[in-house]
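Okay, here's what each chain looks like letter by letter:
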Amino acid sequence: MITENLSQIRQDLPEHVKLVCVSKFHSINEIMEAYTAGERIFGESKVQELASKQEQLPADIEWHFIGHLQSNKVKYIVPFVLLIHGVDSLKLLQEIDKQAQKASRKVNCLLQVHIALEETKFGFSEEELLQVVKSGVLGELKHIIICGLMGMATFTDNTEQVRAEFSSLKSLFDRIKEQNSETLPDFNILSMGMSDDYSIAVEEGSTMVRIGSKIFGQRVYT
Ligand SMILES: *Cc1c(COP(=O)(O)O)cnc(C)c1O
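In this report, the structure presented in the accompanying data block is examined. (Residues numbered from 1 in each chain as written. Predicted model: local features only at pLDDT ≥ 70, side-chain atom pairs only at ≥ 80, totals over all residues. Heavy atoms only, no water.)

1. Describing the overall build of the chain
No. 1: Broken down by element type, the chain carries nine helices and eight strands.
No. 2: Taking 2.2 N^0.38 as the reference for a compact globule, 222 residues should give roughly 17 Å; the C-alpha atoms of the chain span a radius of gyration of 17 Å, in line with that estimate.
No. 3: Projected onto its principal axes, the C-alpha positions of the chain cover 50 × 45 × 30 Å.
No. 4: Residue burial in the chain is summarised as follows: out of 222 residues, 49% are buried.
No. 5: Expressed as a percentage of contacts within the chain between residues at least 6 apart in sequence, the contacts between residues at least 24 apart total 59%. (Helix = DSSP H or I, 4+ residues; strand = E, 2+ residues; numbered from the N terminus. Rg over C-alpha atoms; globule rule 2.2 N^0.38 Å. Buried < 20%, exposed > 50% of the residue type's maximum accessible area, 1.4 Å probe, protein only. Contact = heavy atoms within 4.5 Å.)

2. Notes on the side chain of Ser45
No. 1: Within the secondary structure, Ser45 sits in the loop between strand E2 (41-44) and helix H3 (47-56).
No. 2: With relative accessibility at 16%, the residue Ser45 sits in the buried group.
No. 3: Look past the residues within four positions of Ser45 in its chain and what remains in contact with it is Lys24, Phe65, Ile66 and Gly67.

3. A closer look at the side chain of Ser195
No. 1: On the secondary structure map, Ser195 appears in the loop between strand E7 (189-191) and helix H8 (198-203).
No. 2: The exposure class assigned to Ser195 is buried, which follows from its relative accessible area of 13%.
No. 3: Polar side-chain contacts of Ser195 include one of 3.3 Å to the side chain of Ser213.
No. 4: Of note is the side chain of Ser195, whose polar atom sits 3.0 Å from the backbone nitrogen of Lys214. (Polar contact = N/O pair within 3.5 Å; in protein donor to acceptor, adjacent residues only side chain to side chain.)

4. Section: the layout of surface pockets
No. 1: Approximately 910 Å³ is the volume found for the largest pocket.
No. 2: Only helix H7 (159-179) and strand E8 (208-211) provide two or more residues apiece to the lining of the largest pocket. (1 Å grid on protein atoms, 1.4 Å probe; cavity = no way out; pocket = protein on both sides within 12 Å on 5 of 7 lines; lining within 4 Å. Points joined across faces, edges and corners; volume = space filled by probe spheres on them.)

5. Quick notes on the site of the ligand
No. 1: All residues adjacent to the ligand are Val22, Lys24, Ile66, Met150, Met152, Met194, Ser195, Arg210, Ile211, Gly212, Ser213 and Arg219.
No. 2: Between Ser195 and the ligand, the recorded distance is 2.5 Å, taken from a side-chain N or O atom to an oxygen atom.
No. 3: At 2.8 Å, a backbone N or O of Ser213 approaches an oxygen atom of the ligand.
No. 4: Isolated, the ligand exposes 390 Å² of accessible area, and the fraction of that covered by the protein chains is 90%.
No. 5: Judged by the fraction of its atoms near the pocket grid, the ligand is located in the largest pocket. (Near = heavy atom within 4 Å. Areas by Shrake-Rupley, 256 points an atom, 1.4 Å probe, with all protein chains shown as cover. Sits in = over half its atoms within 2 Å of the grid points.)

6. As for the pairing of E2
No. 1: On E2, burial covers both faces: Ile41 and Gly43 on one face and Phe42 and Glu44 on the other are all buried.
No. 2: In this sheet, E2 lies alongside strand E1 (residues 18-22) in parallel orientation, the contact comprising two bridges. Paired with Val22 across the two strands is Gly43, which belongs to E2.
No. 3: Once the chain exits E1 it traverses helix H2 (residues 28-36) before rejoining the sheet at E2, and the crossover so formed is right-handed.
No. 4: Where E2 and strand E3 (residues 62-65) come together, four bridges link them in parallel fashion. Its bridge partner lying in E3, Gly43 is registered against His64.
No. 5: Read from E2 through H3 to E3, the crossover connection turns out right-handed. (Pairing = 2+ DSSP bridges. Right-handed = clockwise from strand over helix to strand, strands pointing away.)

Dropping the structure here:
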């Protein structure tokens, strides 16, 4: 099934949109099926699970961290992670910078913006984000590359609500990119869209979708 699901999703996605296969709660065998079908970008949302899978799976996989990251766990993923999607505070950015310096590497990060109605979702508000960008503090973090923004829409059947949230995130992305082309030269990724809403996200300007259940089936939380 995984191979069939992937070929259908690939048909839906334009060339310029990257697919992150969200493999959280799925087994090594299931990941290997997607790998064999040609996928190389996988996303996980728990630090321990990511670190354990990274050890067991082929070295050419690009691992993305997509969950809520706690500062005290940054050190476990910084040595190998390729992109951290959900950076939602300055404190976390500073910790990633510190650990990246220790590991002698630069870590790609996306700043998470809170666009949904649910209070339980994470992220900077639009005002907070604009202020952080304006403050110039991002330029001082020499071991971080700010690659763009990430957002999660409200969990709802109301597609117009979802579309409006993605559209506002895209406007914010364009605005930051335009106004900071010198200080944020790598600001190119807009990570939005999951199994149930990626078509809308792509229509609204997503460049990276994070898809789990539509590839691997429902997750069984243990
Ligand atoms: C789990 C998760 C996804 C994938 O969700 P699906 O609905 O299974 O596609 C995408 N993004 C984040 C941040 C997630 O935690």
